[in-house]
Every structure is written in structure tokens, then in C-alpha cells.
Amino acid sequence: MLTKIFGAASALALLAGLTGAAQAEPVKFEFWHGLSGDLGDRVQEACTKFNASQKDYEISCVSQGGYETNLQNTIAAYRAKKQPAITQVYDAGTLDLMLSRAFVPAKQLMADNGYKIDWDNYFPGIGQYYATAKGELESFPFNSSTAVLYYNGDAFKKAGITEAPKTWEQVSADAKKLKDAGYECPMAINFDPWFSLDQFSSIHNQPVATKANGYQGLDAEVVFNKTKVVDEIKFWKKQVDDKLFVVKTKQLGMDAFPSFTSQTCQMAMSSIADHGTAGKTLPQGVEWHVTMLPAFEGTQRQKTLVGGASLWVMKDRPAAEYKGAAAFLNFLAQPDMVEWWSTVTGYIPVTKTGFEAMKASGFYDKPQFKGREIAIESLTLTPPSENTRGIRLGNYTQIRKEFSTALEAIFMQNADIQKSLDEAADRSNTLLRRFEKTYAGQTLN
């Protein structure tokens, strides 16, 4: 009788154990990101898709409201030992994360968790921005973009313009035709250094800083006050004075890209990631296009720089969370997710196979997506070089602000162009020396 009882009890215990295993809670972990609005909603949708695809892990995706805020919150959380498993860091914050050593390298994470990744599959113009000096990826390119020129095809036709401008001189001539045709704002500009400093310098093969734009050492110095950037700003200022370019910023009531989608202005520079927004915002039937950013006549054009952000896996999280993080990153890399992400956002595929699969499926032939391939063409136009690989400077967010402040003084207060850029460069180099001192003794891999 006792044997039967013990036997029954053992069976019940075994059944309870199996039931408990079957009902085991999934491993939960966090992903912090800096996107908001529609793009933030798309990140949340990606996380929901991952959670629905399997039962072992549950990712919680939390927007911090902005790139810079997310970077600062991640650093503060790491110091308090409350960091997320994954965080999204924008291009300008790459060096901060690298030197923090507060992350698990991408290659190590995936190898440790049994995933084989073809790292050469990433487009060099994208992958190398987030790689060490030796070329090894430390983080995962995620929401990648580059800058393009948007233009209103209907307005161009009315002004008698038959093709997209390729040079700044052509932009000026087209702006004059648009002005003569009755358009008050032919071309919108703002003070965003991503266009006027980063992208312009890369296209024209100009250094932003010494030491290969910082890739070769923390002792780099900015030189944007001594390059063709000075000629660019002089050119833009003349266009503004002639009322062919119009300054559009949030502070003045409407930023450059919204001024394009509202048809207030007929040309504007923006990220290819805004392609989807343009399609949703411009009235149906309006003809609009994108083309590569202009270059000055006589320029041997180089590639543009990647923008957006990459995903970093933070150190000192439980091993089970790393398994979940690796599974999530592998999920995002699947061809169907790559195409879905590009479809709903406007960001570009980061791998060659992802891009080829989308081309083969006819993605870029569909009217609503036509033109997005221009971003890939722009990013891969030439092999990455010292001036076009990327910008790896400490405190680069603040350096961008210094440059932007100089532009505001030039365009809004008629400040002297060379003097303003010289002063911005001096302040920027002070920031670089402060950063170098903070990380004294550390070297770039």
C-alpha cells in the first residue's frame, strides 16, 4: 500500500515538475532606445513580433525619448548597476561606448551563444563606422540611414526643370528658376551639422579632424575651419542673401523637412529614413523624388556617411539575458525582418544579402518605395577611406553643437564666416582635449 502511495506521490511530483517546466516564465530583459513617435512605435512592433515568435524570452522595449537622452541614461544606469541588456546608441556616441568597455562585443556575444554570423555581409560603409580600427564590429548596425536631397517634381516641372540637380551650382540655378516661377522657398536649410559638416566633408573627401577623423587616436584635432566647408558656408550664405535658400528651423516655426512635406519649400536635405514620412505626409498625387546630396562642380564625389544608430549589448547582465539578447539580434537580422523594418520606416538594409533579397522581391520597384535605393548607392559609391569611413571623436555631440551655433550666428546675425568657424574649432578642440584627459592612457583598438 505504501509503495503504491509513494509511487502515486512520485508520479504527482513528476507531473508537477513537468507542468512547472512547461509553464516556466520566459527570461525577461530590457532594450532601451532613443526613437519616439512613429519610429518608436515601429521599434515596439519589432519587439512584439519577437516575443510572439518564441516562448523562451520576453523583451521589454523602452523609449528614452531621444538619442542623447538614451546615451546619458544608459551610462547612468550602468554606474548604478541597473543597465538594460541592449541599448541603442547613435553614431555620435560610438566612441563613448567603445571607451567605456561596458559592453560585450558583438562577435563574442553571437559566438558564445552559438550563432554564426557572416560579418563581411555588412555593407562596409555601414559596418566600419561601428567597428574597431582593426575592422571588428563592436555593436550591431540597426537603424541605418544616410542623407539625401528631397525635391518636389511638380514644382520642378512648373519651373521648367527637367532633371535632379547633381551639383550645388545646379541647386542654385534650379532655386532661381523656382523663385522666378513664384515659389517663395526654393530650398530649405537648417543648422544641422550632419548635412553641412559630416556629409559635406565626406562627399568632398575633406577631413573633419586629424588622425583619420579620430580613428587613429584620441589626440585628434578638428580642422573644419580650414577645409572646403568654409567655401560651402560662404556659398550657402550667398544663396540665403539672394533669397534662394531659406533658413527653416523649429525655433523659427518649421524645420527644413516639414517645410518640404508641407510644400512650403521645394527642396530640402534629410535622412532617407524620412522617406516613409514624406509618403504619408505629402498629399496623394504630388510628385516628389530623392537624389544624392549635391557636390561642388569639379568634385570627385565620394560616399556619404551612415547615420542612425547601432545596438550595444551591455556587460554585467545575467547569462540567460545574453541568450535572449543574441536571439533577438539574430531575429532582427532575418531577411523577412530586414524587409519589414525597411518597409515601415525608411531605414536601409544593413547587409548585402538583405538588400539583394529586397531588390529581388521588387521592393524598390514599388512606387511608394522608389528612391530608397539611392541611399545604398550613396553609401557604397566609393570604398571607405580616412575621410569617408566615419567620425570618431570624443564629445562629438557637443562639437556638433559648437558648429551649429557658429552657423546660427553666420546666417541669423551676419557674423563673420571665418571668424565664427575658427572660434567653433577652438571650442571643439578644447572639448577634445578634455575627452582625451578623461580617457588618458586608453588607446583605440
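Residues numbered from 1 in each chain as written. Predicted model: local features only at pLDDT ≥ 70, side-chain atom pairs only at ≥ 80, totals over all residues. Heavy atoms only, no water.

You'll find the protein chain entered in an unreviewed UniProt entry as sn-glycerol-3-phosphate-binding periplasmic protein UgpB, with Aureimonas ureilytica given as the organism. Word for word, the UniProt comment on the protein chain under Sequence similarities (unreviewed entry) is "Belongs to the bacterial solute-binding protein 1 family." The protein chain has a UniProt comment under Subcellular location (unreviewed entry) that states "Periplasm". (UniProt positions renumbered as here; feature names shortened; annotations may be inferred.)

**Observations regarding the state of the cysteines**
Scanning the model with the defined rule gives two disulfides in all. Here Cys47 connects covalently by a disulfide to Cys61, the sulfurs 1.7 Å from one another. Sign of the S-S torsion, about -90 degrees for the bond between Cys47 and Cys61, identifies this disulfide as left-handed. Taken as a pair, Cys47 in helix α2 (residues 37-53) and Cys61 in strand β2 (residues 57-63) lie far apart in primary sequence, 14 residues in all. Here Cys47 falls in the buried class, since its relative accessible area comes to 1%. Its relative accessible area of 10% is what places Cys61 among the buried residues. At a sulfur-sulfur separation of 2.0 Å, the disulfide partner of Cys185 is Cys265. (Disulfide = S-S within 2.5 Å. Helix = DSSP H or I, 4+ residues; strand = E, 2+ residues; numbered from the N terminus. Buried < 20%, exposed > 50% of the residue type's maximum accessible area, 1.4 Å probe, protein only.)

**Some words on the sheet that holds strand β10 (residues 288-292)**
Ordered by their spatial adjacency, five strands build an open sheet running β8-β7-β9-β6-β10, and the pairing between neighbours is mixed. The open sheet is flanked by β8 (245-247) and β10, the only strands paired with a single partner. Each strand axis lies, on average, 35 degrees off the axis of its neighbour in the sheet, ignoring direction. The sheet contact formed by strand β7 (residues 187-189) and strand β9 (residues 267-271) spans two bridges and is parallel. Of the residues in β9, the one forming a bridge with Ala188 is Ala268. Sheet contacts for helix α8 (residues 168-180): β7, β8 and β9; angle to β9, the most-contacted strand, approximately 135 degrees. (Pairing = 2+ DSSP bridges. Axes fitted to C-alpha atoms, helices over the stretch in contact; angles between N-to-C directions. Contact = heavy atoms within 4.5 Å.)

**So, the pattern of salt bridges**
According to the stated counting rule, one finds 17 salt bridges in the structure shown. One salt bridge in this structure joins Arg42 and Asp38, with 2.6 Å as the shortest N-O distance. In this pair, Arg42 and Asp38 are both assigned in helix α2, four residues apart and thus about one turn of the helix distant. Taking the shortest distance from any N to any O, the salt bridge between Asp91 and Arg400 comes out at 3.7 Å. Of the two residues, Asp91 sits in the loop between β3 (86-90) and α4 (94-100) while Arg400 sits in helix α18 (residues 396-413), which places them 309 residues apart along the sequence. Grouping residues by exposure puts Asp91 and Arg400 together as buried. Residues joined by salt bridges that share partners form a network here, namely Asp38, Arg42, Glu45 and Lys280. (Salt bridge = Lys/Arg side-chain N within 4 Å of Asp/Glu carboxyl O.)

**Considerations on the packing of helix α9 (residues 193-203) against α18**
The N-to-C vectors of α9 and α18 enclose an angle of 110 degrees; their axes lie 10 Å apart at closest approach. The angle between the axes of α9 and α18 places the two elements in the roughly perpendicular class. Relative to α18, the crossing made by α9 is right-handed. Residue-level contacts link Pro193, Trp194, Ser196, Leu197 and Asp198 of α9 to Tyr396, Arg400, Phe403, Ser404 and Leu407 of α18. (Parallel < 35°, antiparallel > 145°, perpendicular 65-115°, else oblique. Left-handed = near helix turned anticlockwise from the far one by under 90°.)

**Topic: the nonpolar core**
With 139 residues, the main nonpolar core has Trp168, Phe245, Leu393 and Phe411 as its most contacted residues. It is helix α14 (residues 319-332) that contributes the most residues to this core, eight residues altogether. Those residues in contact with Trp168 that sit more than four places away from it in its chain are Met187, Phe200, Phe235, Trp236, Phe245, Met269, Pro294, Ala295 and Phe296. By size, the runner-up hydrophobic cluster in this structure holds five residues, among which are Leu95, Leu99, Leu218 and Tyr439. (Core = buried A, V, L, I, M, F, W, Y, C linked by side-chain atoms within 4.5 Å.)

**Considerations on the packing of α2 against α14**
α14 packs onto α2 with a crossing angle of 110 degrees between their chain directions and a minimal axis gap of 11 Å. Relative to α14, α2 is oriented roughly perpendicular. As α2 runs across α14, the sense of the crossing is right-handed. Contacts between α2 and α14 pair Ala46, Cys47, Lys49, Phe50 and Ser53 from the former with Gly324, Ala327, Phe328, Phe331 and Leu332 from the latter. Of the residues in the contact of α2 with α14, the class split is seven nonpolar, two polar and one charged. (Nonpolar A, V, L, I, M, F, W, Y, C, P; charged D, E, K, R; others polar.)

**Thoughts on the pairing of strand β1 (residues 27-33)**
Bridge analysis of β1 against β2 gives seven bridges, and the strand direction is parallel. Looking across to β2, one finds that Glu30 is bridged to Ser60. Note on the crossover from β1 through α2 to β2: the handedness is right-handed. (Right-handed = clockwise from strand over helix to strand, strands pointing away.)

**A short note on α18**
Across its 18 residues, α18 extends 25 Å between first and last C-alpha, which sits within 8% of the 26 Å expected from 1.5 Å per residue. Three or more residues of α18 are buried, namely Tyr396, Thr397, Ile399, Arg400, Glu402, Phe403, Ala406, Leu407, Ala409, Ile410 and Phe411. At the C-terminal side of α18, Asn414 shows a positive phi close to 55 degrees. (Expected span 1.5 Å × (residues − 1).)

**Considerations on the side chain of Ser420**
Locating Ser420 in the fold gives a position in helix α19 (residues 417-438). Within the local environment of Ser420, its side chain forms a polar contact with the backbone oxygen of Asp416, the two atoms lying 2.7 Å apart. (Polar contact = N/O pair within 3.5 Å; in protein donor to acceptor, adjacent residues only side chain to side chain.)

**Regarding the packing of aromatic side chains**
For any pair of aromatic rings, the description rests on two quantities: the centre-to-centre distance and the angle between the ring planes. Per the stated rule, a full pass over the model turns up 31 aromatic pairs. In this structure an aromatic cluster arises from ring pairing among Phe31, Phe50, Phe142, Phe328, Phe331, Trp340, Trp341 and Tyr347. (Phe/Tyr/Trp six-rings, centres within 6.5 Å; stacked < 30°, edge-to-face > 60°.)

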